[in-house]
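Close look at the chain arrangement
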Amino acid sequence: MVVDQDQRWLLDCLSATLDPIQDIRSYAEASLNQASRQPGFGAALCNVAANKGLSLGMRQLAAVLLKQFIKRHWREDEEGFEYPVVSSEEKAVIRGLLLSSLDDSNRKICTAISMAVASIATYDWPEEWPELLPFILGLINDRNNINGVNGALRCLALLSGDLDDNVVPSLVPVLFPCLHAVVSSPQSYDTYLRGKALQIVYSCVSVLGAMSGVYESETMDLVMPVLKGWMDQFSLIFEHPVQPEDPDDWSLRMEVLKCLNQFAQNFPNLVESEFRAITKPLWQTFESSLRVYLRSSIEGAEDAYDGRYDSDGEEKSLDTFIIQLLEFLTTVVGSRRLVKVVSNNVRQLVYYTIAFLQMTEQQVHTWSADVNQFVADEDDGSYNCRISGILLLEEVVNCCGREGVDAVVDAVRRRFHESQQEKAAGSSTWWRIREAALFVLASLSDQLVEAEGPGMNPANLAKLVEQMIMEDNAIGIHECPFLYARIFTAVAKFSAVTSPGVLEHFLNAAIRAISMDIPPSVKVGACRALLQLLPDMNRAVILPQIMNLFSSLTELLHQASDETLILVLETLQQAIKAGHEASASIESIISPVILNVWVAHVSDPFISIDVIEVLEAIKNSPGCLHPLTSRILPYIGPILNKPQQQPEGLVAGSLDLLTMLLKGSPNDVVKAAYDFCFDAVIRIILQSDDHTELQNATECLATFVSGGRQELLTWSGDRGFAIRSLLDAASRLLNPDLESSGSLFAGKYILQLILHFPSEMAQHIRDLVIALIRRMQSAQIMGLRSSLLLIFARLVHMSFPAVDQFINLLVSVPCEGHENSFVYVMTEWTKQQGEIQGAYQIKVTSSALALLLSTRHPELVKVNVPGRPVQSNGGITTRSKAKSAPEQWTMVPLLEKILALLADALIEIQEQVVGGEDEDSEWEEAHEEEVEAEKELLHSSGALQFSKPSYDQLESMARVFENQDDEDEEDGLNVADPLNEVNLVKYLADFFGKFASSDRMLFDNLCQGLTQTQRNAIQTVLKR
């Protein structure tokens, strides 16, 4: 290729960027940056990258710069765009040059070119680059051009993440035969290319799976003709035993498993008929992979390729393959159709899986050298075979019932006996399979203990656990430290069915272990045991040991760091709670140590939170509050009074500590804290620009107001000055120019002001409304807007019975971009009401909407608000779709929307309290003892089976709802609000009844705009 003068200059500049002399490099980089703004620069880079006569390094550098150039100059509306935009003519030239270079023989260049093509495709394809896909398909089909197949597959694999429902249905019939030909021809295509083809299959099946919910028959028609061919090919790949030290084969099998997972998850009906053919080869892969895994990872005798990656950055370790294998088997067991195929092999499946859960040689080495890593990997459920194996066994127990439980217990027993035989034979690694067996029991303890049915006796399980732990208890701690650590955790997990004598034995052993010179992993196990044993153990057993335990844990604090420090702090917290009465005698010893830990780690949010929780446990112990207060206040007072002079994090941490001290404390403690710190907290809010300091100071001030109430205004000797100080803080927090994160807890603070100083705040309502509106309009965080909407809802209640006057006030306040503030507030409120969380918040906002509707104010009729999102034409929303067609809403009358939201509140109570009793619910968990009778009524009356509950059922739901603990979310600050006592179902039932009887025509007219489910909910309460 002939190199002209401009290209020569570009080559010289590119070469100079690699010069060892800094000045030359900087000059060259600046020159290239300047040249990137000139027409033709992108095409010139493309020519260099495609020029096979140049050095590999030069071509790679040009390709990298080309990708950066595309990101900066291709599309004006993209983040990171820099002027000027590439002309249409130059874009066409670049696209053509790149496509012609996809068959480059050098894989690194091919990858770079593919990445550039994929970058452009995110902007231009398919609308402005319709020839891209036909060209790629043409390359894949040309078996005489292996380099072209390589480039096309690399490129399509990169593009596959952007394939959507508009493209895939028409693409699959054409593309899948091409990909099948590649995968089924190992003599023509290497493992890498076959793996790339499978990655594309995976992406296409994923899209079809996402479409299947709406287009079930259409997607099944696409999958059915190709499924058998793929399953046959997968069988051929699986039928050969897994070989050691062959990462390319592991990677290929992993791609097969990923494809199978998608087929099984999305099209189980179709897969079921073909799955039996693959079961035997799959089992062959499972068994042979275990043999390789034992040799490579568990024993460390062969290379497992841990932490190594291929040229595309994909991990190629044996662990990654095994995790994918276990994940697919979890999908199979979890499918009611596919599990039938493997049901006869469940016991063998569990038995082999336990072997995968043994600690690897690498884990033993890592965890022995770094106990923090041991704690982190155990607590965080890190990505490894042990966790994946446990997830598989959980699925077995959950989906196979009695057979699954028996399979686990039987397999554990077999593995335990095998470890006994290995130990007797003198094996040095006998303990690994026993540790794995205990790990399984501990991880599945809840399911195993709670399992019910004929022949299922928790006592038998307890007997097995006790046999294992008592035999292992005789071993030396230094001989098998990880096994000993697992014994402690297993004991704690089965404490509910373990005999008191055994529990007391291990409680004493754990307390002794903490003070002994033993491997850190054993101390970790001891702490974990104490964490679970202490809350439920008999006080008479704990108290004789409590002083030794305090001493040992306090000493352990000096040795611990990072993850282990958190564990020790959590254990100490439980010890303080368990030794309730004894804590006062050692407060003077423990508190200074804990405060020193807090100071050392105040900038670490995880550790500092745990430290404060320990101090809170001390505070709540009899006789400890006042000594602790006199210890904390003189320390944090000077910090808060001179915040600019403190190291990073200390001011924010001190505010957190002060807030903890104030919560629930008697008046004299709040007064003492006021004297030391109140003025300083106000100044921090007025002067600080640190978001964390502002947030913590706001929470602290809210707690001051909640704890001091009216008396707080008298403590300075000048009520007027006190209220002005509080209002000044509110004014800063509502400043529309303050970043949203700094104002995040402004709503919580202002709510306390209007709750505890209603008469003082009444004089400033108009100013408050104006400030709230401006802050809401500038807020970038939805949570902030929601918290300020709560203030408006509470002001509606405060204005009762003159709610119409409050509406008039809102109407009289101008609002930028809206007719008035009332229109703006109701638009935001009705749009966000469904997202508001927390029992108290839902009560306040829902009942306030009912009050507004009750006024029949003429302004209500004038306002239209967003109703429901407008459904698009269907399909998957891709990035390009989202940009070209942002979400749109229907517009409905405000009265209709409010009625719909109140009906939704009834539906939400039913769904959340009865149908949503899961641990991820945003609603606070109900206390079991208080609500059990109510739940029995709900379940016995069929509330879970019918969509139209009776009013009695709704009443029961409301009582469950009333008993929910709001403490975690709002720290008890809203307890003083009488609205906390509102029974929301009764309130709404009364409202609907009065509304329907007072204006039936309007009521019926509004109900016509509701969904059938909403109308049913309203009719239920009207028929009471």
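Cut-offs used in this document
Every chain's residues receive numbers from 1 upward, in the order its sequence appears when written. In keeping with the model being predicted, local features are shown solely for residues with a pLDDT of at least 70 and side-chain atom pairs are shown and tallied solely at 80 or more, while totals for entire chains, interfaces and linings include all residues. Only heavy atoms go into the side-chain values, all of them from the structure, while hydrogens and water stay out. Starting at the N terminus, helices and strands are each numbered in turn, a helix being any DSSP run of H or I of at least four residues and a strand any DSSP run of E of at least two. Radius of gyration here uses only the C-alpha atoms, and the compact-globule reference equals 2.2 Å multiplied by the residue count raised to the power 0.38. To be clear on the numbers: accessible area is Shrake-Rupley with a 1.4 Å probe, and residue cover counts the displayed protein chains and nothing else. Counted as positive: Lys and Arg. Counted as negative: Asp and Glu. His and the chain ends are not counted at all. Charged groups are reduced to one reference atom each: NZ for lysine, CZ for arginine, CG for aspartic acid, CD for glutamic acid. An axis is simply a line fitted to the C-alpha atoms; with a helix, the fit covers only the stretch in contact. Between two such axes, the angle follows the N-to-C directions and lies from 0 to 180 degrees. Any angle between 65 and 115 degrees counts as roughly perpendicular, while under 35 counts as roughly parallel, over 145 as roughly antiparallel, and the rest as oblique. Note on convention: the crossing is left-handed when the near helix lies turned anticlockwise from the far helix by less than a right angle, right-handed when the turn is clockwise. Contacts are residue-level and defined by heavy atoms, with any inter-residue pair within 4.5 Å sufficient. For this classification, Asp, Glu, Lys and Arg are treated as charged, while Ala, Val, Leu, Ile, Met, Phe, Trp, Tyr, Cys and Pro are nonpolar and the rest, including Gly, are polar. Here, nonpolar core refers to any group of buried Ala, Val, Leu, Ile, Met, Phe, Trp, Tyr and Cys residues whose side-chain atoms link them within 4.5 Å. For the exposure calls, accessible area comes from a 1.4 Å probe over protein chains only, and a residue counts as buried if that area is under 20% of its type's maximum, exposed if over 50%, partly exposed in between. Salt-bridge detection follows one rule: a side-chain nitrogen of Lys or Arg within 4 Å of a carboxyl oxygen of Asp or Glu. In this scheme, patches are assembled from residues that exceed 30% relative accessible area and form no salt bridge. Like charges are connected within 9 Å, while nonpolar side chains (Val, Leu, Ile, Met, Phe, Trp, Tyr) are connected within 5 Å. Only protein atoms enter the 1 Å grid used here. Points where a 1.4 Å probe fits but cannot escape make up a cavity, open sets with protein on both sides within 12 Å along at least five of seven lines make up a pocket, and a residue lines them when an atom lies within 4 Å of a point. Grid points are joined across faces, edges and corners, and a volume is the space filled by probe spheres set on the points. To estimate how far a helix should extend, the number of its residues minus one is multiplied by 1.5 Å. The term polar contact refers here to a pair of N or O atoms within 3.5 Å; inside protein, the definition further demands a hydrogen-donor-capable atom paired with an acceptor-capable atom, and it admits residues adjacent in sequence only when both atoms are side-chain atoms. Side-chain rings of Phe, Tyr and Trp (the six-membered ring for Trp) are treated as a pair once their centres are within 6.5 Å; stacked means planes under 30 degrees apart, edge-to-face means over 60, and tilted covers the remaining angles. Think of it as a cone above the ring: NZ of Lys or CZ of Arg counts as a charge over the ring if it is within 6 Å of the ring centre and within 35 degrees of the ring normal. Every residue gets a pLDDT, meaning the predictor's confidence in that residue, from 0 to 100.

**Quick look at the overall build of the protein**
When helices and strands are counted, the protein shows 50 helices and two strands. Here the C-alpha atoms of the protein give a radius of gyration of 34 Å, agreeing with the 31 Å that 2.2 N^0.38 yields for 1024 residues. Of the roughly 44,300 Å² that the protein leaves accessible, carbon and sulfur atoms contribute 50%. The average position of the 80 basic charges and that of the 136 acidic charges among the side chains of the protein differ by 2 Å.

**Some words on the packing of helix H13 (residues 268–298) against helix H16 (residues 346–356)**
Orientation of H13 relative to H16, taken along the N-to-C sense of each, is 25°, at an axis distance of 10 Å. The orientation of H13 relative to H16 falls into the category roughly parallel. As for how H13 packs across H16, the hand of that crossing is left-handed. Only Gln348, Leu349, Tyr352, Thr353, Ala355 and Phe356 of H16 make contact with H13, whose side of the interface consists of Trp283, Phe286, Glu287, Ser289, Leu290, Tyr293 and Leu294. Class assignment of the residues belonging to the contact of H13 with H16 gives a composition of nine nonpolar, three polar and one charged.

**A look at the nonpolar core**
In summary, soluble globular proteins display a tendency toward joint burial of nonpolar side chains. Of all hydrophobic cores here, the largest spans 352 residues; its most connected members are Phe275, Leu658, Phe704, Leu726, Tyr749 and Leu899. Looking at this core, the element that brings in the most residues is helix H19 (residues 385–424), giving 14 residues. When residues no more than four places from it in sequence are discounted, the contact partners of Phe275 are Met231, Leu282, Phe328, Val332, Leu338, Val341 and Val342.

**Some remarks on the side chain of Ser297**
Structurally, the position occupied by Ser297 is in helix H13. Overall, the relative accessible area of 5% leaves Ser297 in the buried class. Ignoring anything within four residues of it in the chain, the contact list for Ser297 reads Val292, Ala304, Leu318, Asp319, Thr360, Glu361 and Gln362.

**What to know about the pattern of salt bridges**
Counting across every chain of the model gives 32 salt bridges. As a salt-bridge pair, Glu128 and Arg75 come within 3.8 Å of each other at their nearest N and O atoms. Here the residue Glu128 occupies a position in the loop between helix H6 (107–124) and helix H7 (132–141), and Arg75 occupies one in the loop between helix H4 (56–73) and helix H5 (88–100), the gap between them amounting to 53 residues. Overall, the relative accessible area of 23% leaves Arg75 in the partly exposed class. The shortest N-O distance in the salt bridge between Arg486 and Glu378 comes to 2.9 Å. Of the two residues, Arg486 sits in helix H23 (residues 481–493) while Glu378 sits in helix H18 (residues 371–380), which places them 108 residues apart along the sequence. Across this residue pair, the class does not change: Arg486 and Glu378 are buried. The structure contains a network of salt bridges with shared partners spanning Arg75, Arg95, Asp124 and Glu128.

**Remarks on a positive patch on the surface**
Judged by side-chain charge, Arg37, Lys67, Lys71 and Arg72 come together as a positively charged surface patch. Position of Lys67 relative to the elements: it lies in helix H4.

**Points about empty space enclosed by the protein**
For the coordinates displayed, the defined rule picks out three cavities of 30 Å³ or more. Residue lining of the largest cavity: Thr279, Leu282, Trp283, Leu329, Val342, Asn345, Val346 and Leu349, and that is the complete set. Secondary-structure elements contributing two or more residues to the lining of the largest cavity are H13 and H16. Ranked by residues supplied to the lining of the largest cavity, first place goes to H13 with three residues.

**So, helix H40 (residues 821–832)**
Here H40 contains 12 residues, and its C-alpha end-to-end distance of 16 Å stays within 8% of the 16 Å for a straight helix at 1.5 Å per residue. With 11 of 12 residues buried, H40 lies mostly within the body of the structure. Along H40, the positions that sit buried rather than exposed are Ser821, Phe822, Val823, Tyr824, Val825, Met826, Thr827, Glu828, Trp829, Thr830 and Gln832. Residue Asn820 occupies the N-cap position of H40, its side-chain oxygen lying 3.0 Å from the main-chain nitrogen of Phe822.

**Re the packing of aromatic side chains**
The tally for this structure, following the rule as stated, stands at 24 aromatic pairs. Ring centres of Trp283 and Phe286 lie 5.1 Å apart, and the angle between their planes is 45°; on these two criteria the pair is classed as tilted. Here Phe286 and Trp283 lie together in helix H13, a separation of three residues that amounts to about one turn. A relative accessible area of 22% places Trp283 in the partly exposed class. Among the aromatic residues, those joined into a ring-pair cluster are Trp283, Phe286, Tyr293, Tyr351, Tyr352 and Phe356. Across the ring face of Tyr202, the terminal group of Lys258 is positioned such that the distance to the ring centre comes to 5.3 Å.

**Remarks on the environment of Ile323**
Tracing the sequence through the fold places Ile323 in helix H14 (residues 318–334). The exposure class of Ile323 is buried, given its relative accessible area of 3%. Ile323 sits 69 residues away from Met254 along the chain, and the two C-alpha atoms are 9.0 Å apart.

**Quick look at the environment of Leu294**
Within the secondary structure layout, Leu294 lies in helix H13. For Leu294 and Asp904, which are 610 residues apart along the polypeptide, the C-alpha to C-alpha distance reads 56 Å. Excluding its chain neighbours within four sequence positions, the residues that come into contact with Leu294 are Glu299, Ala355 and Gln358.

**Examining the confidence of the model for the protein**
On average, residues of the protein carry a pLDDT of 88, and 90% of them reach 70 or more. Averaged pLDDT values over the elements of the protein bottom out at 37 in helix H45 (residues 928–940) and peak at 97 in H16. Here residues 876–880 is a poorly scored stretch, pLDDT under 50, and it has nine contacts once near neighbours within four places are set aside; other chains count.

**Remarks on the packing of helix H10 (residues 191–211) against helix H11 (residues 216–238)**
The N-to-C vectors of H10 and H11 enclose an angle of 145°; their axes lie 12 Å apart at closest approach. Where H10 crosses over H11, the two elements pack in a sense that is left-handed. Contact residues: Arg194, Leu198, Val201, Leu208 and Met211 in H10; Thr219, Leu222, Val223, Trp230, Gln233, Phe234 and Ile237 in H11.

**Observations concerning unusual backbone geometry**
Cis geometry marks the peptide bond from Tyr83 to Pro84; its omega dihedral reads 5°. On the secondary structure map, Pro84 appears in the loop between H4 and H5. If you check the backbone angles, Asp562 has positive phi at about 50° while not being a glycine. On the basis of relative accessible area, Asp562 is assigned to the partly exposed category, the value being 46%. Its identity is not glycine, yet Arg709 carries a phi of approximately 50°, on the positive side. Relative to the assigned elements, Arg709 resides in helix H33 (residues 691–712).

**Considerations on the environment of Glu613**
In this structure, Glu613 sits in helix H29 (residues 605–619). Residue Glu613 is classed as partly exposed on the basis of its relative accessible area, which comes to 31%. It is 26 Å that separates the C-alpha atoms of Glu613 and Lys642, two residues lying 29 residues apart in sequence.

**Remarks on helix H35 (residues 746–756)**
When you tally the buried positions in H35, you get 11 out of 11 residues, the bulk of the element. Residues Ala746, Gly747, Lys748, Tyr749, Ile750, Leu751, Gln752, Leu753, Ile754, Leu755 and His756 constitute the buried set of H35.

**A closer look at the side chain of Gln233**
Within the secondary structure layout, Gln233 lies in helix H11. Residues in contact with Gln233, not counting those within four places in the same chain, are His180, Val183, Ser184 and Arg194.

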